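The lines below spell out each chain.
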Amino acid sequence: IVHNGVSILVRKGSPVRSIFNGKVLYTGTLEGYGNIIIIGHGNSYHSLYGHLDEIIASTGKTVRSSQIIGRSGDTGSLLGESLYFEMRHKGKPIEPIAWLSQ
């Protein structure tokens, strides 16, 4: 399993928010990511949120920027309590820090 994003150390149960408006494309479990949410933001941009303790967003629903979509946890994490965040454009990982700073 290749991780191309960032792991953010946060306490279990912390709110996880969508970084931008979009549509929830997947909620569930993926090996190495634990409970995960994948959001499509248009123009072939996607954000991934992994190691969640709780998934609040529903597949197929639209979310707003800063909307709470889940709660952090440690599912599938080797680091313990953390949030895994990744951005992709056209299926390829891109540097996620710029998206977080906005």
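See the structure shown above.
In this text, all values refer to a predicted model and were calculated from it rather than measured experimentally.

**Focus: the packing of aromatic side chains**
- This structure, assessed with the given rule, holds 2 aromatic pairs.
- Relative to phenylalanine 85, the ring of tyrosine 49 has its centre 5.5 Å away and its plane inclined at 55°; by these criteria the two rings are tilted. Linking tyrosine 49 in strand S5 (residues 45-55) with phenylalanine 85 in strand S8 (residues 83-89), this pair joins segments that are 36 residues apart in sequence.

**Details of unusual backbone geometry**
- Positive phi values are uncommon outside glycine, yet serine 44 reaches one of about 65°.
- Here serine 44 shows up in the loop between strand S4 (34-42) and S5.
- The residue lysine 90 is not glycine, and still its phi comes out positive at about 55°.
- Within the secondary structure, lysine 90 sits in the loop between S8 and strand S9 (92-94).

**Describing the nonpolar core**
- Judged by nonpolar contacts, the single largest core of 13 residues is most densely connected at Ile37, Ile39, Tyr49 and Ile69.
- Every element with two or more residues in this core is listed here: S4, S5 and S8.
- For this core, the element with the most residues is S8, which contributes 3 residues.
- Listed in part, the 5 residues of the second largest apolar core include Tyr33, Ile36, Ile38 and Tyr84.

**Structural notes on the side chain of serine 47**
- As for its placement among the helices and strands, serine 47 is situated in strand S5.
- A relative accessible area of 0% means that serine 47 is categorised as buried.
- A polar atom in the side chain of serine 47 sits 2.6 Å from the side chain of histidine 41.

**A short note on the pairing of S5**
- Pairing geometry for S4 and S5, over 6 bridges, is antiparallel. For isoleucine 38, the partnering residue across the bridge sits in S5 and is leucine 48.
- The loop that links S4 with its antiparallel partner S5 comprises 2 residues; one of these, asparagine 43, has a positive phi angle of about 50°.
- Sheet topology places S5 next to S8; 6 bridges connect them, and they run antiparallel.

**Description of the pattern of salt bridges**
- As enumerated under the stated definition, the model contains 3 salt bridges in all.
- As a salt-bridge pair, glutamate 54 and arginine 71 come within 4.0 Å of each other at their nearest N and O atoms. With glutamate 54 in strand S5 and arginine 71 in strand S7 (residues 68-72), this residue pair connects regions lying 17 residues apart in the sequence.
- Its relative accessible area of 27% is what places arginine 71 among the partly exposed residues.
- Across the pair glutamate 86 and arginine 88 runs a salt bridge whose closest N-O atoms are separated by 2.4 Å.

Each value, and the rule that gives it
Residues numbered from 1 in each chain as written. Predicted model: local features only at pLDDT ≥ 70, side-chain atom pairs only at ≥ 80, totals over all residues. Heavy atoms only, no water. Phe/Tyr/Trp six-rings, centres within 6.5 Å; stacked < 30°, edge-to-face > 60°. Helix = DSSP H or I, 4+ residues; strand = E, 2+ residues; numbered from the N terminus. Core = buried A, V, L, I, M, F, W, Y, C linked by side-chain atoms within 4.5 Å. Buried < 20%, exposed > 50% of the residue type's maximum accessible area, 1.4 Å probe, protein only. Polar contact = N/O pair within 3.5 Å; in protein donor to acceptor, adjacent residues only side chain to side chain. Pairing = 2+ DSSP bridges. Salt bridge = Lys/Arg side-chain N within 4 Å of Asp/Glu carboxyl O.

Purely geometric stuff here, so don't read any function into it on its own.
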